[in-house]
Amino acid sequence: VRERTLIAVKPDGVQRRLVGQIMQRFEQRGFKLVGLKMLKASDELLSQHYHDLNKKPFYPNLLRYMTSGPVVAMVWEGHNVVRTSRMMVGDTNPAEAHPGTVRGDFSIHISRNVVHASDSVEGAQREIQLWFNRKELMDWDCCDHSNTYQV
Ligand code: CMP
């Protein structure tokens, strides 16, 4: 199975210089980076990305937050990467996120939760298509220096 997920460092994470530390966790775990870019997310992209949230009272704040600076979007690949990433990122609400997770180590409030991680395999496929075009995804081999279990 070649599972992929979208991880995005949100504007607060970029502003706080956390990009390297977050990427390091995914590399260290054994996942493979297959897509990476920095961008200012448009309202249009965000309304598609958050299509299930646009009626929520916090949506205007969420849009303002997500457009307050650049985002670093990444696609990571590997065995069970969607579920494992969610564990590594921690609970959506940083107040509930365990120490050792990205949010549990770097954030305290849900409105500044540092990072996005796709919540399902289907969601990941949808989000990856939204944020990346096909040519931006690299298909590269890595057997020598990876602890990824190749399935
Ligand atoms: P995430 O799970 O990545 O995607 C939805 C985002 O909406 C979530 O992170 C938070 O950034 C934001 N969010 C969810 N609930 C609230 C809330 N109650 N108040 C502010 N922002 C929220």
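The rules behind these values
Residues numbered from 1 in each chain as written. Predicted model: local features only at pLDDT ≥ 70, side-chain atom pairs only at ≥ 80, totals over all residues. Heavy atoms only, no water. Helix = DSSP H or I, 4+ residues; strand = E, 2+ residues; numbered from the N terminus. Rg over C-alpha atoms; globule rule 2.2 N^0.38 Å. Contact = heavy atoms within 4.5 Å. Near = heavy atom within 4 Å. Polar contact = N/O pair within 3.5 Å; in protein donor to acceptor, adjacent residues only side chain to side chain. Areas by Shrake-Rupley, 256 points an atom, 1.4 Å probe, with all protein chains shown as cover. Pairing = 2+ DSSP bridges. Axes fitted to C-alpha atoms, helices over the stretch in contact; angles between N-to-C directions. UniProt positions renumbered as here; feature names shortened; annotations may be inferred. Buried < 20%, exposed > 50% of the residue type's maximum accessible area, 1.4 Å probe, protein only. Core = buried A, V, L, I, M, F, W, Y, C linked by side-chain atoms within 4.5 Å.

> Can you walk me through the overall build of the chain in this structure?
Of the regular secondary structure elements, the chain holds 7 helices and 4 strands. The N-to-C order of helical and strand elements in the chain reads β-α-α-β-α-α-β-α-α-β-α. Relative to a compact globule of 151 residues, whose C-alpha radius of gyration would be 15 Å, the chain shows 15 Å and is just as compact. In terms of overall dimensions, the chain has C-alpha extents of about 45 × 35 × 25 Å along its principal axes. Contacts spanning at least 24 positions in sequence make up 78% of the contacts within the chain whose residues lie at least 6 apart.

> What is the right way to look at the site of the ligand in this model?
Surveying the vicinity of the ligand reveals the residues K10, Y50, L53, F58, L62, T92, R103, I110, N113 and H116. Between the ligand and the protein, one listed contact pairs an oxygen atom with a side-chain N or O atom of K10 at 3.0 Å. Contact between the ligand and N113: an oxygen atom at 3.0 Å from a side-chain N or O atom of the residue. The fraction of the free accessible surface of the ligand (460 Å²) that becomes covered by protein chains is 77%.

> Please explain the sheet that holds strand β4 (residues 115-117) as it appears in this structure.
Two modes of strand pairing occur in sheets, parallel and antiparallel, and in both the strands are linked by backbone hydrogen bonds. Here we have 4 strands laid out as an open sheet, ordered β2-β3-β1-β4, and antiparallel in their pairing. Only two strands of the sheet have a single neighbouring strand rather than two, namely β2 (32-39) and β4. Put simply, the sheet's adjacent strands are angled 15° from each other on average, direction ignored. Of the pairings in the sheet, the one linking strand β1 (residues 4-9) to strand β3 (residues 71-77) comprises 6 bridges and is antiparallel in character. Note on β3: the bridge partner recorded for I7 is M74. In this fold helix α5 (residues 81-89) packs onto β1, β3 and β4, with an angle of close to 25° to the strand it touches most, β1. The strands touched by helix α7 (residues 121-131) within the sheet are β1, β2, β3 and β4, with β1 carrying the most contacts at an inclination of about 55°.

> Honestly, the UniProt feature "binding site: ATP" (unreviewed entry) in the chain in this entry has me stumped. Any pointers?
When the UniProt feature table is mapped onto this chain numbering, "binding site: ATP" (unreviewed entry) sits at K10, F58, R86, T92, R103 and N113. Among the structural elements, K10 can be located in the loop between β1 and α1 (11-15). For K10, a relative accessible area of 5% corresponds to the buried category. Sequence-distant contacts of K10, defined by excluding residues within four places in its chain, comprise Y50, Y65, M66, P70, N113, V114, V115 and H116. Turning to its location among the elements, R103 is positioned in helix α6 (residues 102-106). Judged by relative accessible area, R103 falls into the buried class, the value being 5%.

> What should I look at first to understand the UniProt feature "domain: Nucleoside diphosphate kinase-like" (unreviewed entry) in the chain in this one?
Within the UniProt annotation, "domain: Nucleoside diphosphate kinase-like" (unreviewed entry) is assigned to residues 2-139. In residues 2-139, the share of helix is 41% and the share of strand is 17%. The end C-alpha atoms are 11 Å apart.

> What exactly am I supposed to notice about the nonpolar core here?
Buried together is how nonpolar side chains tend to be arranged in soluble globular proteins. Counting 22 residues, the largest nonpolar core has I22, F26, M74 and W76 as its most contacted members. Of all elements in the fold, only β1, α2 (19-29), β3, α5, α6 and β4 reach the threshold of two or more residues within this core. If we ignore the near neighbours within four places in the chain, the residues touching M74 are T5, L6, I7, V9, I22, M23, L33, G35, L36 and F132. Residues A8, L39, L53 and L63 belong to the second largest nonpolar core, which totals 20 residues.

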